[in-house]
Amino acid sequence: MTYTLPELGYDYNSLEPNIDAKTMEIHHSKHHAGYVTKLNAAIEGTDLGSQSVCDLISSLDDLPEDIRGAVRNNGGGHCNHSLFWKVISPGGSANPEGELARSIDESFGSLDACKEQFEGAAGTRFGSGWAWLVSDSDGNLSICSTPNQDNPRMTDGGIPILGIDVWEHAYYLHYQNRRPDYISAFWNVVNWTVVDSLWNQAKEASCCCD
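Residues numbered from 1 in each chain as written. Predicted model: local features only at pLDDT ≥ 70, side-chain atom pairs only at ≥ 80, totals over all residues. Heavy atoms only, no water.

Draft legend 1. Here's a closer look at the packing of helix α4 (residues 98-108) against helix α5 (residues 111-123). Viewed as axis vectors pointing N to C, α4 and α5 meet at an angle of 65 degrees, and their least axial separation amounts to 8 Å. Judged by the angle between their axes, α4 and α5 are roughly perpendicular. Read as a crossing pair, α4 and α5 show a hand that is left-handed. Mapping the contact onto sequence places I104, D105 and F108 in α4 and L111, A113, C114 and Q117 in α5. (Axes fitted to C-alpha atoms, helices over the stretch in contact; angles between N-to-C directions. Helix = DSSP H or I, 4+ residues; strand = E, 2+ residues; numbered from the N terminus. Parallel < 35°, antiparallel > 145°, perpendicular 65-115°, else oblique. Left-handed = near helix turned anticlockwise from the far one by under 90°. Contact = heavy atoms within 4.5 Å.)

Have a look at this one:
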């Protein structure tokens, strides 16, 4: 088996003006597609493609050393982007509700405080990387960031249920060096209904990326 590029489920221009169409097209059809191609090349001739990409990157130490780096970078890129396309959608979906909203309040004090901490993690990530809202198996929430295409699952840092890509390819065509503006606009396209669903999956330790 091999890994495949997921469909977005919406048009490249659907997230404008928050994320422009050209950035979405290049990001999905070039960058993400490239990670998938390189990941499949790295595992060619093995049975590693039979497991979810989440499980694959969660067990890097079990991989042959000669492909470990390629799987970390490209498997991480595939997993991270697969989640990213899920949690953003045209128009977003207002604010979190129900149990997720209560868990956010318990963990951070308020949704605004959660957003502020998330923006801080994304804005201060040096170079390329991601910021994450993660859950443990009990549904407890926390925020972290990772370099490059690393994912919290690689270090038992929790299961990501919301992530923002702060590589320059994710925003530079439209925002240039104004990463904070991109991060702020991100909230306009977050689909909290999907995040809630991923949170419930995380409590069962199931894969959120595939």
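Draft legend 2. Representation of α4. Among all positions of α4, only L100, A101, S103, I104 and F108 are buried. The buried residues of α4 occupy an angular sector of 160 degrees when the element is viewed end-on, so they sit on one face. Looking one or two places after α4, you find G109, whose phi comes out positive at around 100 degrees. (Buried < 20%, exposed > 50% of the residue type's maximum accessible area, 1.4 Å probe, protein only. Arc of directions from axis to C-beta.)

Draft legend 3. Inspection of the pairing of strand β3 (residues 159-165) at higher detail. Taken across its seven residues, β3 has seven buried, putting it largely inside the fold. Looking at chain direction, strand β1 (residues 129-135) and β3 are connected through six bridges and run antiparallel. Within β3, the residue paired with V134 across the bridge is P160. (Pairing = 2+ DSSP bridges.)

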